[in-house]
Amino acid sequence: MIDNIPLNQIETEMRASIAQVQANIANAAKKAGRDLSEVTLVAVSKTKPLEMIQIAYNLGIRHFGENRVQEALTKIAAFHPDDLVWHMIGHLQTNKARKVVSAFDIIQSVDSLHLAQTLERLIAEEAEESGKRLPVLLEVNVAAEASKAGLALSDVPSVARQIATLPHLEVRGLMTVAPQVEDAEGVRPVFRALRQARDQLRSELTSCVELSMGMTNDYAIAIEEGATIVRVGRAIFGAREPV
Ligand SMILES: *Cc1c(COP(=O)(O)O)cnc(C)c1O
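Residues numbered from 1 in each chain as written. Predicted model: local features only at pLDDT ≥ 70, side-chain atom pairs only at ≥ 80, totals over all residues. Heavy atoms only, no water.

Participant: Report on the UniProt feature "modified residue: N6-(pyridoxal phosphate)lysine" (unreviewed entry) in the chain, specifying residues and quantitative values.
Facilitator: Using the residue numbers shown here, the UniProt feature "modified residue: N6-(pyridoxal phosphate)lysine" (unreviewed entry) corresponds to K46. Tracing the backbone through its elements, the reader meets K46 in the loop between β1 (40-44) and α2 (50-58). Ignoring sequence-local partners within four residues, the contact set of K46 consists of G65, E66, N67, E71, K75 and R240. (UniProt positions renumbered as here; feature names shortened; annotations may be inferred. Helix = DSSP H or I, 4+ residues; strand = E, 2+ residues; numbered from the N terminus. Contact = heavy atoms within 4.5 Å.)

Participant: I'd like to hear about the packing of aromatic side chains, residue by residue, with values.
Facilitator: Taken as a whole and judged by the stated rule, the model has 2 aromatic pairs. Ring geometry for Y57 against F79: centres 5.3 Å apart, planes inclined by 90°, an arrangement best described as edge-to-face. Taken together, the residues span a long stretch of sequence, with Y57 in helix α2 and F79 in the loop between α3 (69-78) and β3 (85-88) at a distance of 22 residues. Pair check on accessibility: Y57 and F79 agree, each one buried. A centroid spacing of 5.7 Å and a plane angle of 40° characterise the contact between F64 and W86, whose relative ring orientation is tilted. (Phe/Tyr/Trp six-rings, centres within 6.5 Å; stacked < 30°, edge-to-face > 60°. Buried < 20%, exposed > 50% of the residue type's maximum accessible area, 1.4 Å probe, protein only.)

Participant: Break down the environment of A43 for me, citing the residues and quoting the values.
Facilitator: Along the chain, the position of A43 falls in strand β1. The exposure class assigned to A43 is buried, which follows from its relative accessible area of 0%. A43 sits 99 residues away from V142 along the chain, and the two C-alpha atoms are 23 Å apart. Not counting residues within four places of it along the chain, the set of residues in contact with A43 comprises I61, H63, F64, G65, V232, I236 and F237.

Participant: So what about the site of the ligand? Which residues, and what values?
Facilitator: Every residue near the ligand is listed here: V44, K46, I89, V177, M215, T216, R231, V232, G233, R234 and R240. Here an oxygen atom of the ligand and a side-chain polar atom of K46 are 2.7 Å apart. One nitrogen or oxygen atom from the main chain of G233 is found 2.8 Å from an oxygen atom belonging to the ligand. Contact with the protein chains hides 92% of the accessible area of the ligand, taken as 390 Å² for the molecule alone. (Near = heavy atom within 4 Å. Polar contact = N/O pair within 3.5 Å; in protein donor to acceptor, adjacent residues only side chain to side chain. Areas by Shrake-Rupley, 256 points an atom, 1.4 Å probe, with all protein chains shown as cover.)

Participant: Go over helix α6 (residues 156-164) with me, naming the residues and quoting the values.
Facilitator: The complete set of buried residues in α6 reads V156, V159, A160 and I163. One side of α6 carries all its buried residues, which in axial view fall inside an arc of 100°. The secondary structure elements touched by the buried residues of α6 are β4 (106-110), α5 (113-125), β5 (134-139), β6 (169-175) and α7 (188-202). (Arc of directions from axis to C-beta.)

Participant: Please provide a residue-by-residue account of the pairing of strand β8 (residues 229-232), values included.
Facilitator: On β8, burial covers both faces: I229 and R231 on one face and V230 and V232 on the other are all buried. Relative to β8, β1 runs parallel, the two sharing 4 bridges. Looking at the pairing, V42 lines up with R231 of β8. (Pairing = 2+ DSSP bridges.)

Participant: Pulling in residues and values, what's your account of the environment of A16?
Facilitator: Within the secondary structure, A16 sits in helix α1 (residues 7-31). Overall, the relative accessible area of 48% leaves A16 in the partly exposed class. Along the backbone, A16 and I236 are 220 residues apart, and their C-alpha atoms lie at a distance of 8.8 Å.

What follows is the structure in structure tokens.
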């Protein structure tokens, strides 16, 4: 039971939600003339209980995203099958970086050179894992919103080049959280700008292929604009309690 709702009912609802999201992803890919295999669905499980994550896993989801370190560490310690990929998608303070490095499989929210250098040092210190390279995405504040973390678009090339020299990190691409707008169409230029930044970078950093953009309100538009990773929470797990 979760909130007095039996698990089998939750499973029935989640099965339908996931099928709907996957159908929407397929439609958006088709509309854009893209192959469905180019798009990875990350189920954003923040604030949701472990049981729901396990149900989603049993329904075929293999990528999960969390934005709070402590909450995530508890979940990851309890549930990390070999084929499950945990994505860190929230702002990361350098003093919490150590735990994040050993728990998460990919960090989407690298928003400064300083954070990247801290991650690099921590991975290098873990002697037995020195062969490891941690995949990271650089978070970009495309719309330059004061309330949001992320690199300025104009800083992305120079910061990406510097991070790419760090031996234990691999710059896999760019990530953004689009502004909240009434009409999701309004965020199309933001997605387009991130894609252009990725395209430019990719010509010199060949590992920089991923474009993580699009959430419950706008993932279809993000896919039309080239997203390779969409991060969907509410459309899979239902509304979140306000925190
Ligand atoms: C919460 C969150 C999401 C998912 O948002 P939904 O609107 O629930 O789909 C995606 N990305 C980040 C960075 C988030 O914090």
